[in-house]
Amino acid sequence: RVDVAGMGGVGKSQLVTEYCYRNFPSHYGLVIWLNSESADSLVADYRSLLSDMAMEVDVGGVSDNADINKSTDEIVGEVKTRLFRSRVPWLLVFDNLEDHNLLNDFVPRGAGIRGHVVVTTRHIDSEAVDSHGTLMLGCFDISESLELLRRSAGSHNVDGEKNTLAATELCKMMGNLPLALGMAAAYMRRCDVQCVEYLDRYITSEKTGQTLYGKVENYSLSVASSVSLSLGEIEKESPTTCQVLRLLSFLGPDQITKWLLRNLLSSKKKMNIQLSELNNTGNGMNFLFNRTFMIGGFVLAGAALILPACAKDGRRVGLCAGLAAASLLILSTNTTTSVATEQQAHDEDIKRSASISNAISAFEYEESDVAWDLLKSFSLLSVKE
C-alpha cells in the first residue's frame, strides 16, 4: 500500500491516473478506481463493481451473475472474496480518502503480491508512514510552473520579456499550485489572452475570489480567484453553460457525462414550461375570482339600494335579499366549475406534453455539446467522454 498525500490541487489523482495508464495491462490485469470520500460512495462503487464483475470480468472464477441486491455487508464481502481469489494482479485506488479506517472494511486481507493498494488523500496517516509508504506531493517550483504555463497556454501567450515577468509574478501569486495554474493556462488558451493581460484580470478577480473562497472547500484562494475569472467569461459566452454549471454544483464531481448534461438541460426546460403554464393557470383563476367578486359586489350594491325603498313591504325585502343570495350562490358555483374545468384541462396539457416527447430535442443536443466543450476548454471539471 502506498499513500499519495498533499493539499488539494497539487495533482495527486492525476499522478495516480498516469501510474494506472502506464502499468495496465503490463503489470495489472485489473485496475479499480474508487470514490472514497465516504463509506456510502465506496459501497456504491463496490456494488457497481460487483455488477461489472458478474457481466464482464471473471476475476474469481465464478461466471454466473451476481445478486447485486444483496445487503451492504454482503456486497463488500463478495467483492473482497473475488479479489482475494483473483488469478490476475489487481490494483485498488482509493481516491480522495477522508477516513483511513475505511480501508479495514474495504480492502481484502492477505492479498499478497497479487493485489496492491494506492490511496490519494489530503490527510497523512501516521501508521501508513511507518508501516507502508507515503509520497508527499507539494507545489511546483517556479521553473516547473513556468513550463506548465508555456505548454498549456501556448508559447505565444507566455514568451517575451513582459509576458515572462507577468508569468513569474502570476506563479508566485498562485503559490505555484498546479490546479490554479492549469485553469489560468486554459483561460489564456481559450480566450487568446497573453499572460500580461491575464495577470491584470486575475488581480481584479481576487476581490470576487474572496467571496468564493469559503465555498471552494479544501482549496487555496488562488483556485477561487481563477474560478471566478473563468465563470465571468463563461457567463458572457454562454449563459446556458453557466446554468448547467450551477446545476452540476449540486452533484458529485465524478462521472460527468454528456448524457447527464443533456438530461439536465432537458429537465430544466420542461420544468420552466410547466412553471409557466402554472403561472398562466393562476392568472386565469385570479381573473375568475375577480369577476365573481365584481359581479357579486354589483348584486349586493343593487340590493342595498332596493332594500331601503322596499323597507315598508316585508315580502319585497325578503324577495330582494333572496335574489341577492341566489345570485352569489350561482356565481360561486359557476366559478368553482370553471376553475375545476380549467385545472383539469391544464393537467391534461401537462400529461400530453410529457407523453408527446420524452426524447431530447436537437436544440438541447446542440446546447449540451456547447456546454460540454466550453467546460472542458476552461478545465473547470474533469469530465468523462
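Given the structure is predicted, the values throughout are model-derived calculations rather than measurements.

1. Points about the overall build of the protein
Each helix and strand counted, the protein has 15 helices and five strands in total. Scored against the burial criterion, the 385 residues of the protein give a buried share of 36%. Sequence separation of 24 or more characterises 71% of the internal contacts of the protein that already satisfy a separation of 6 or more. As presented, the protein carries roughly 22,000 Å² of accessible surface, and 56% of it is formed by carbon and sulfur atoms.

2. Overview of the nonpolar core
Counting 42 residues, the largest nonpolar core has Leu149, Leu170, Met174, Tyr198, Leu248 and Leu380 as the members making the most contacts within it. When contributions to this core are tallied by element, the ones reaching two or more residues are α6 (142-153), α8 (161-173), α9 (178-191), α10 (195-213), α11 (221-237), α12 (239-248), α13 (258-309) and α15 (362-377). Ranked by the residues each element gives to this core, the list is headed by α9, at seven residues. Those residues within four positions of Tyr198 in sequence are excluded, and the remaining contacts are Leu170, Met174, Ala184, Tyr187, Met188, Val193, Ser226 and Leu229. Listed in part, the 23 residues of the second largest apolar core include Met53, Ile75, Leu83 and Phe94.

3. Quick notes on the environment of Arg1
Along the chain, the position of Arg1 falls in the segment before β1 (2-5). Given a relative accessible area of 29%, Arg1 falls into the partly exposed group. Spatially, the C-alpha atoms of Arg1 and Gly133 are 7.0 Å apart, while their sequence positions differ by 132 residues. In terms of polar contacts, Arg1 uses its side chain to reach the side chain of Asp3, at 3.0 Å.

4. With respect to the pattern of salt bridges
Two side chains carrying opposite charge are able to pair once their charged atoms lie near each other. Considering all chains together, one arrives at 15 salt bridges under this definition. Here Asp159 ties to Arg150 by a salt bridge, and the two come within 3.3 Å at their closest N and O atoms. Overall, the relative accessible area of 38% leaves Asp159 in the partly exposed class. Taking relative accessible area as the criterion, Arg150 reaches 28% and is therefore assigned partly exposed.

5. Looking at the pairing of strand β2 (residues 30-35)
Looking along a regular strand, one sees the side chains alternate between the two faces of the sheet. Burial of β2 is one-sided: the residues Leu30, Ile32 and Leu34 facing one way are buried, the residues Val31, Trp33 and Asn35 facing the other way are not. Of the pairings in the sheet, the one linking β2 to strand β3 (residues 90-95) comprises six bridges and is parallel in character. Counterpart to Val31 in the pairing with β3 is Leu91.

6. Focus on the sheet that holds strand β4 (residues 115-121)
The strand order across the open sheet formed by five strands is β2-β3-β4-β1-β5, and the pairing between neighbours is parallel. One side of each edge strand has no neighbouring strand; the edge strands of this open sheet are β2 and β5 (134-136). Along the sheet, successive strands turn relative to each other by an average axial angle of 15 degrees, direction set aside.

7. Remarks on helix α3 (residues 72-84)
In a regular helix each residue adds 1.5 Å, so 13 residues correspond to 18 Å; α3 covers 18 Å between its end C-alpha atoms and thus fits that length. Residues Ile75, Val76, Val79, Arg82 and Leu83 constitute the buried set of α3. Seen along its axis, α3 keeps its buried residues to an arc of 135 degrees; they face one direction.

8. Structural notes on unusual backbone geometry
Here the amide bond leading from Phe24 into Pro25 is cis, since omega sits at 5 degrees, within 30 degrees of zero. Mapped onto the elements of the fold, Pro25 is located in the loop between α1 (12-23) and β2. Here Asn96, not a glycine, exhibits a phi torsion of approximately 60 degrees, which is positive. Secondary-structure assignment places Asn96 in the loop between β3 and α4 (103-106). We note that Asp192 has phi near 55 degrees; this positive angle belongs to a residue other than glycine.

9. Notes on the packing of α6 against α8
Here α6 crosses α8 at 115 degrees, and the two axes come no closer than 10 Å. Crossing of α6 against α8: the hand is right-handed. For the pair α6 and α8, the contacting residues are Ile142, Ser145, Leu146 and Leu149 in the first and Ala167, Thr168, Leu170 and Cys171 in the second. When grouped by side-chain class, the residues that make up the contact of α6 with α8 number six nonpolar, two polar and no charged.

10. Here's the deal with the confidence of the model for the protein
Mean pLDDT over the protein works out to 78, with 68% of the residues at or above the 70 mark. Within the model, pLDDT remains below 50 along residues 57-64, and this stretch shows 17 contacts once partners closer than five positions in the same chain are excluded.

11. Quick word on the packing of aromatic side chains
Note on aromatic pairs: each is described by the distance of the centres and the angle between the planes. Summed over the entire model, instances satisfying the criterion amount to five aromatic pairs. Ring geometry for Tyr198 versus Tyr202: centroids 6.3 Å apart, planes at 25 degrees, classification stacked. Placement of both Tyr198 and Tyr202 in helix α10 is noted, with a separation of four residues, approximately one turn of the helix. Aromatic rings pair up to connect Tyr187, Tyr198, Tyr202 and Phe378 into one cluster.

12. Details of the pairing of β1
The pairing of β1 with β4 spans four bridges and is parallel. Looking at β4, one finds that Val4 is bridged to Thr120. Where β1 meets β5, three bridges bridge the pair, whose relative direction is parallel. The residue of β5 that forms the bridge with Val4 is Leu135.

13. A few points about the side chain of Asn96
On the accessibility criterion, Asn96 (14% relative accessible area) is buried. Looking at Asn96, its side chain comes within polar contact range of the side chain of Glu37, at 2.9 Å. Apart from residues lying up to four places away in sequence, Asn96 is in contact with Ser36, Glu37, Thr120 and Arg122.

How each quantity is defined
Residues numbered from 1 in each chain as written. Predicted model: local features only at pLDDT ≥ 70, side-chain atom pairs only at ≥ 80, totals over all residues. Heavy atoms only, no water. Helix = DSSP H or I, 4+ residues; strand = E, 2+ residues; numbered from the N terminus. Buried < 20%, exposed > 50% of the residue type's maximum accessible area, 1.4 Å probe, protein only. Contact = heavy atoms within 4.5 Å. Areas by Shrake-Rupley, 256 points an atom, 1.4 Å probe, with all protein chains shown as cover. Core = buried A, V, L, I, M, F, W, Y, C linked by side-chain atoms within 4.5 Å. Polar contact = N/O pair within 3.5 Å; in protein donor to acceptor, adjacent residues only side chain to side chain. Salt bridge = Lys/Arg side-chain N within 4 Å of Asp/Glu carboxyl O. Pairing = 2+ DSSP bridges. Axes fitted to C-alpha atoms, helices over the stretch in contact; angles between N-to-C directions. Expected span 1.5 Å × (residues − 1). Arc of directions from axis to C-beta. Left-handed = near helix turned anticlockwise from the far one by under 90°. Nonpolar A, V, L, I, M, F, W, Y, C, P; charged D, E, K, R; others polar. pLDDT = per-residue confidence, 0-100. Phe/Tyr/Trp six-rings, centres within 6.5 Å; stacked < 30°, edge-to-face > 60°.

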